[in-house]
Amino acid sequence: MREPGKKPSFTDAWRNVKVFVSYYKPYKVLAAADLVSILAQSGLTILLPMVVYRVFNDYLPQMDLRKLLIAAALLFVLTALISGAEYVSLRWGHILGARMEADMRRDIFSHIQKLSFNYFDRTKTGHIMSRISNDLTMLAETAHHAPEDLLISTLTLTGAFIVMFSINPLLAAITLIPLPFIIVWGSIFQTRMRRGFRSVREKIAEINRSVENSIQGVREVKSFTNEGMEITKFKKVNVSFLSAKEEVYSTLASFHAGEKFLMQSYSLLFIGAGALLAYYEKADIPQIIAFFMYSRYITMPMMRALSFTEQFQQASSAFERFQEVMLENPDLKDAPDAVAPDRIRGTIRFNDVSFSYPSRPDSDVIDHVSFEVKAGTTVALVGESGAGKSTIASLIPRFYDVSGGSIEIDGIDVRKYRQRDLRARIGIVQQSAFLFDASIRDNILFGRPGASEEEVVEAAREANVLNFVSTLPEGLDTQTGERGVKLSGGQRQRISIARVFLKNPPILIFDEATSALDNESEELVRQSMETLCKGRTAIIIAHRLSTVKHVDLIYCLKNGRLIESGSHAELIAKNGYYKKLYDMHSF
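Residues numbered from 1 in each chain as written. Predicted model: local features only at pLDDT ≥ 70, side-chain atom pairs only at ≥ 80, totals over all residues. Heavy atoms only, no water.

Enquirer: Lay out the confidence of the model for the protein chain in plain terms, naming residues and giving numbers.
Expert: Mean pLDDT over the protein chain works out to 82, with 90% of the residues at or above the 70 mark. Segment residues 1-5: pLDDT under 50, and eleven contacts once partners within four positions in sequence are set aside and those in other chains are kept. (pLDDT = per-residue confidence, 0-100. Contact = heavy atoms within 4.5 Å.)

Given below as C-alpha cells:
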C-alpha cells in the first residue's frame, strides 16, 4: 500500500480511476440519462447564436416576418429544451451521485468491519469518521458534476469554435489567442491546490478527533474542571485548520483572479477585433453579434472546466484517502484450510506463547507463557496492572496473533479456526461495558440477533436485569443513551452479561468485570457470572482477589510471565507472590 501523503504514481492514479468508474456500473441508466441531457444542453446551446446570426444576417435584411416569427419561436423552444435538459441533469445527476456515495459508504464501512484491532490501535476515530462522512460527500458531488462539467465544457467549446470558424475563420482564429494562457495558468496551480485540499481534509479529521475526544470524555473534563484546557487544545487544531484553509483560499484567489482576467478578455477581444475587422470589411455586424453571444458560451464552459479542475483536486485527495482505507488489509486472515467446528468443548491450552503488539514489536507483553484451562472449569488470571492479563484475553479469540508459540482450543490451533466461528463461541464481558445508543432490548439482542422475546426476557432474568427494568416506565424499551450513559455502571454490566447469556457460548472471558462496581452491584453481577459459568469454560481476570477464591485454578502473572499457579488455598500456603497480592488487594 502507498504511504499516506506520498505522491501517487501513475499506477496508483489509474487504479483509482478504474475503482471510481466501477461505482457508475450499477446505475448505467441514470448515467446515460445524465449523459444525454448533457449532450442535449451542449448541442442546443450552440444552436442559439446560430439562429440569432440568421436573424440579423438573413431574415431581418430580407424583412421576412414569417421567418422572423419562426426564429423567435425556435429560440423559445430551444431555451425550454435547454431548461428541461438541465432539470434532468440536476435531478438525476445528483441522485446518481448520492447513490454512488451510499455505495462507497457501505463498502468502506463493511471493509472497516473486517480490519483487525491493530488498525484501530493506530488510527484515530476522527480520521475514520472524516473518511466516511466528509470525503464521501465530496466524492458524490464530483461523481455528478465532474463528468457534466468536463463534457459540457469540451462539447460546447468544440461546437462553438466549429461554428465560429465556419462563420468567420479570421475572427475565430483571433479568439483562440487567450486559450494557451488560460491552460498554462491553470496547470501552474493544480499541484498547489491538490496539496492544499489534502491538508485541509487532514485538519478536518483532526478537528473531528478533538471534538469526539472532548464530548466522549465530557464527564472527566468537567470533574477535573479542565474545560479551559480542552478549549485551548481545540483552539490549536482549529487555528491549524484555519491556516490550511487560508492557504488554499489564497491559492484559489490567485488562480481564479488570473483566469477571470483572461476569460473576460474574450469580450474585449470580440468587440475590439470585431470592430477592427468590420472597419476593414473582414467582418459584419451580424457576425460580431453572433460572436459576442458565443463569447458567453465559451467563457461559461471555461469557468465550468476550471470548477471541474478545482473539484477534481478536492475529490482526488478525498478518493486517495478512501482508497487508503479500502487497500488496508486485515492483519489476521483465515487460513485456506480453516475449520468451522460443529461443537467446542472449551479446553484452552497456551503453548510457550509470546506476544508483542505491532506498534511495539521489540517489547514482549507475554513472555513464553504456558498453561491449560480444562473444559468446564473456571480459572482466574491475577497480577498487577501491565502483567499481560487482558492481552491473554485478547489472544484467545484471536484479536491478535501470537508472536511465538501457539494457543489451542480443543487441541486445534486458534489460527486454524475461522475467525467468525471461533469468536461466535466465546463470550466476553469487559470492565467498561459498551452499550449501543438503543433500547435495553436491542442491546441484549446484540448477543444473538433474531432471538425470540421469551429468550430475551429469560437472558435478562438470568443476568438480574429484570430487577431494575421492572421499575422503568418503558421496561426493556428504555433507551440506554450513548454508551449507556442513562444507566448506572452495575446496570450496564448486567445488560452486557445478559447479552452473553443470549449468545450462549461454551467459553467465557470476564475481564475485570466487577472491579469498577460498588458492593451491591458487584454482588448482583457476581451472582449472574456464577450462573453463566455453570457448565462452561470460564476465565476470570480479577484485580479484587476476594472475588476469585472459589475458582478451580488461579494463574499469577508478573511482567508477562507466569510465576505461580494453584488453588486459592494452595497459593496462600505458598506465601509467595499471590499471597502478597491478596494481602494488598483483597477487601
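Moving on from the coordinates now.
Enquirer: Before we move on, could you go through the packing of aromatic side chains and cite the residues and values that matter?
Expert: Summed over all chains, the structure comprises 16 aromatic pairs. Centroid distance Tyr-279 to Tyr-280: 5.1 Å. Interplanar angle 90 degrees. Geometry classified as edge-to-face. There is no split in this pair, since Tyr-279 and Tyr-280 are both exposed. Each residue in the set Phe-20, Tyr-23, Tyr-24, Phe-319 and Phe-322 is aromatic and connected to the rest through ring pairs, giving one cluster. (Phe/Tyr/Trp six-rings, centres within 6.5 Å; stacked < 30°, edge-to-face > 60°. Buried < 20%, exposed > 50% of the residue type's maximum accessible area, 1.4 Å probe, protein only.)

Enquirer: Give me the environment of Ala-375: which residues, what numbers.
Expert: Its location among the elements puts Ala-375 in the loop between strand S2 (366-373) and strand S3 (378-382). Each C-alpha atom, one on Ala-375 and one on Thr-347, is 4.3 Å from the other, the two residues being 28 residues apart in sequence. With residues near it in sequence (within four places) discarded, Ala-375 still touches Arg-345, Gly-346, Thr-347 and Thr-537. (Helix = DSSP H or I, 4+ residues; strand = E, 2+ residues; numbered from the N terminus.)

Enquirer: Which residues make up empty space enclosed by the protein, and what values go with them?
Expert: What the rule picks out here adds up to two cavities of 30 Å³ or more. Considering only enclosed or pocket space, the second largest cavity measures out at about 40 Å³ in volume. Across the lining of the second largest cavity, the residue classes break down as five nonpolar, one polar and four charged. (1 Å grid on protein atoms, 1.4 Å probe; cavity = no way out; pocket = protein on both sides within 12 Å on 5 of 7 lines; lining within 4 Å. Points joined across faces, edges and corners; volume = space filled by probe spheres on them. Nonpolar A, V, L, I, M, F, W, Y, C, P; charged D, E, K, R; others polar.)

Enquirer: I'd like a rundown of the sheet that holds strand S1 (residues 348-355), residues and numbers included.
Expert: Read across the open sheet, the four strands follow the order S2-S1-S4-S5; overall the sheet is antiparallel. Both outer strands of the open sheet, S2 and strand S5 (412-413), are each paired with one neighbouring strand and no more. As paired strands, S1 and S2 are joined by five bridges and run antiparallel to one another. Opposite Ile-348, over in S2, you have Val-373 as the bridge partner. (Pairing = 2+ DSSP bridges.)

Enquirer: Summarise the nonpolar core; cite the residues concerned and give the values.
Expert: Ranked by internal contacts, the top residues of the largest apolar core, which has 42 residues, are Ile-444, Val-465, Val-548, Ile-554 and Tyr-578. When residues in this core are grouped by element, the largest group, six residues, is from helix H16 (residues 489-503). The residues touching Ile-444, leaving out its near neighbours within four places in the chain, are Val-456, Ala-459, Ala-460, Leu-476, Ile-495, Ala-498, Arg-499 and Leu-502. If you look at the next biggest cluster of nonpolar residues, it comprises 33 residues, including Phe-350, Tyr-357, Val-373 and Tyr-400. (Core = buried A, V, L, I, M, F, W, Y, C linked by side-chain atoms within 4.5 Å.)

Enquirer: Residue-level account of the pairing of strand S4 (residues 404-409), with values.
Expert: In this sheet, S4 lies alongside S1 in antiparallel orientation, the contact comprising five bridges. Paired with Ser-354 across the bridge in S4 is Gly-404. Note: S4 against S5, two bridges, orientation antiparallel. Within S5, the residue paired with Glu-408 across the bridge is Asp-413. Adjacent in sequence and paired antiparallel, S4 and S5 are bridged by two residues, among which Asp-410 carries a positive phi angle near 55 degrees.

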